[in-house]
Amino acid sequence: MSDLDSLVEIILQYKWFAVFIFIALVAWYLLKTYGSEFAKNLFGSWAKADAGQVRQKIEISDITRDYLKQAVIAYSRFKFRGLPTHIAKTDANRLSLDQAYVSLRVMPQSVHSTEMPDESSPKEFAKQVGRMPKSEALSLPQVLKDLKERRLAIIGIAGSGKSTLLQWAGLACARALLGEKSNLLSPEQAEFIQVLGGKAPFPIFIPLRAYNEYCKQNNKARSVKSLLDFLPSHFSEDQAQCEFSSDFFKAHLQKNCLLMFDGMDEVEPDDRPGVQSAVEKFGLSRN
């Protein structure tokens, strides 16, 4: 038997060992030729991917993920006064924002809170708005770009789309935080997230009419404390599949949040000053 035959026989007998030696030689050649940068690029990308998955699991707890999933369902459906607001199986038949949402434009105005137009009367509202300085109609992301403070009051007559605009914003944030596919965000929603710093805030949609009723039923004053008490009560009822504690909201309120107070015009006129004061103090308490 020749030396070549003997070598072939050894390779066949120890083929897995030979494969290992071959891979080791290739790796040695690549490292020698291209240096350590090759290894960094190869293994670094794996490490980043794993770290991203771990980071997502750490940052979003199960209860937060449940909240955001329910928020996506709630915010993605058009709401009409008189229909139930809680999430139910019948909601599957409702028209969704993805199907019919039309991008809204707003007219930026710099006015003091005491100069806000009266939304209860469409004719009076039109007169008061007509006396304001004219400005170009802009999208919500465009308006936010020019704001020094991220506080915005959206005013308009009933049915003008104020609540729907807030839902649109909350939906964008909830989907972004869940890491859902980017194609679920419209270009304008993606711009909205980018204007907010590239990281979506935690969305909390607060219906002020429900808050006012909560205060009446529980004999509570309109205040920062009653607003904090209202949140777990409302969302545990509104999102029937989940139950939230006050600590859950307190923890998120200490972080990056998108607070959306909706329906001041739906609060009884006599109760509006108290509700408005509670909202303003609530915002100041987070500074």
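Located above this text is the structure these notes cover.
Residues numbered from 1 in each chain as written. Predicted model: local features only at pLDDT ≥ 70, side-chain atom pairs only at ≥ 80, totals over all residues. Heavy atoms only, no water.

## A few points about the overall build of the chain
Counted only if it meets this: Secondary structure follows DSSP: runs of H or I at least 4 residues long count as helices, runs of E at least 2 residues long count as strands, and numbering of each begins at the N terminus. A simple rule labels every residue: compare its accessible area, found with a 1.4 Å probe on the protein chains alone, to the largest value its type can have, and call it buried under 20%, exposed over 50%, or partly exposed in between. For the accessible areas, the method is Shrake-Rupley and the probe is 1.4 Å, while residue cover comes only from the protein chains on display.
Secondary structure summary: the chain contains 13 helices and two strands in total. Counting over 287 residues, the chain shows a buried share of 32%. Element-wise, carbon and sulfur atoms account for 57% of the exposed surface of the chain, whose accessible area totals about 18,500 Å².

## Re the pairing of strand 1 (residues 202-207)
For the record, the criterion: Note: two strands are recorded as paired if DSSP finds a minimum of 2 bridges between them.
The element strand 1 is largely enclosed, with a buried count of six among its six residues. By the alternation rule, side chains of strand 1 split into Phe202, Ile204 and Ile206 and Pro203, Phe205 and Pro207, which are all buried. Looking at chain direction, strand 1 and strand 2 (residues 257-262) are connected through six bridges and run parallel. When the sheet's bridge partners are listed, Pro203 is paired in strand 2 with Leu258.

## Regarding the side chain of Ser139
By the element assignment, Ser139 lies in the loop between helix 6 (122-130) and helix 7 (140-145). A residue is classified by how much of its surface remains accessible, and Ser139, at 4% relative accessible area, is buried.

## What about the side chain of His234?
Inspection of the secondary structure puts His234 in helix 11 (residues 224-238). Taking the relative accessible area as the measure of exposure, His234 reaches 13% and is therefore buried.

## Things to note about the pattern of salt bridges
Rules: The salt bridge criterion pairs a side-chain nitrogen of Lys or Arg with a carboxyl oxygen of Asp or Glu, the two atoms within 4 Å.
All chains considered together, the criterion is met by eight salt bridges. Arg222 serves as the salt-bridge partner of Asp271, at 3.8 Å between the closest nitrogen and oxygen. Pair noted here: Asp271 is in the loop between strand 2 and helix 13 (272-284) and Arg222 is in the loop between helix 10 (208-217) and helix 11, with a separation of 49 residues, a long-range link. Take Asp271: its relative accessible area is 16%, and that puts it in the buried class. Residue Arg222 is classed as partly exposed on the basis of its relative accessible area of 25%.

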